[in-house]
Amino acid sequence: MKNLPYRFFAFALFVSPIAGFAQTSESADEIVSIGLNALRKIDTGETESLWDNTSAFVKTQMPKDTFVSGISSSRSRYGSITKRTWAGVMRIQYPQGSVSPPEGLYANADFSSTLANGQVIFEKVTMRFEPDGWRVVGYVPRDVQ
C-alpha cells in the first residue's frame, strides 16, 4: 500500500470526467479545458470530487484516500498559483491487450504555472477517454519540464 501513490503518479507522467466535465470529443481544446477544470478543483481543495469521476481502473488500483492525499500532498508543496497557461497536449493510444495502463486513448494536458513567488512549475493532468468522455487518471506537478 505504501508504494501506491508513487506508482500512480509515475504512471500519470506517461499517460491522466469530473462532475460536469464529461465530454465526447477528442479535441485538444476539450482536453485543455478538462485539465484546467481539474486543476481548479485541486487549487480550491476539492480534490475529493475528482475521485467520483476518476477512471474505474484507477479505483481498482488504489483507495480513494490514497488518491486524494497523493494529489493534495503533491500540490500543497507549491503554494498559490497566480498564472497558468497550457503548454501542450499529447494523446497516446495504448493497444489492445495493454494491461498497465489498460488499452485505450489517453491524453496528457501539460500546463506552465507561475507561483505567487514567481517560480514557474509544470503541471500534468492525465486522462483516459471512456465511452462517456474523458476521465482523469492522474496529476503530477514538477519543477522542470
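Residues numbered from 1 in each chain as written. Predicted model: local features only at pLDDT ≥ 70, side-chain atom pairs only at ≥ 80, totals over all residues. Heavy atoms only, no water.

Novice: Would you explain the pairing of strand 3 (residues 120-130) in this entry?
Specialist: Each regular strand shows side chains that alternate between the opposite faces of the sheet. Taken across its 11 residues, strand 3 has nine buried, putting it largely inside the fold. Pairing of strand 2 (residues 104-115) with strand 3 involves nine bridges; the strand directions are antiparallel. By the bridge assignment for strand 3, Thr 114 is matched with Val 120. Linkage of strand 2 to strand 3, two consecutive antiparallel strands, is achieved through a turn of four residues, within which Gly 118 is found at a positive phi near 95°. (Buried < 20%, exposed > 50% of the residue type's maximum accessible area, 1.4 Å probe, protein only. Helix = DSSP H or I, 4+ residues; strand = E, 2+ residues; numbered from the N terminus. Pairing = 2+ DSSP bridges.)

Novice: For this particular structure, what's the right way to read the packing of aromatic side chains?
Specialist: Two measures describe an aromatic ring pair: the distance that separates the ring centres and the angle between the ring planes. Counted by the stated rule, this structure contains four aromatic pairs. Through a chain of ring-to-ring contacts, the aromatic side chains of Phe 57, Tyr 94 and Tyr 106 assemble into a single cluster. (Phe/Tyr/Trp six-rings, centres within 6.5 Å; stacked < 30°, edge-to-face > 60°.)

Novice: Would you mind going over helix 2 (residues 28-43) with me for this structure?
Specialist: One turn of an α-helix holds 3.6 residues; hence residues three or four places apart share an orientation. Between its first and last C-alpha atoms helix 2 spans 22 Å; for 16 residues at 1.5 Å apiece the expected length is 22 Å, and the two agree. Where helix 2 is concerned, the buried positions are Glu 30, Ile 31, Val 32, Ile 34, Gly 35, Asn 37, Ala 38, Leu 39, Lys 41 and Ile 42. Where helix 2 is buried, its residues contact helix 3 (47-52), helix 5 (64-76), strand 1 (81-94), strand 2, strand 3 and strand 4 (133-142). Looking at the residues trailing helix 2, positive phi occurs at Gly 45, about 75°. (Expected span 1.5 Å × (residues − 1). Contact = heavy atoms within 4.5 Å.)

Novice: What should I look at first to understand the confidence of the model for the protein in this one?
Specialist: Should pLDDT be low for a region, the predicted coordinates there are not to be read in detail. Averaged over all residues, the pLDDT of the protein is 84; the fraction at 70 or higher stands at 82%. pLDDT under 50 marks residues 1-24. Its contacts with residues more than four places away, or in other chains, come to 81 contacts. (pLDDT = per-residue confidence, 0-100.)

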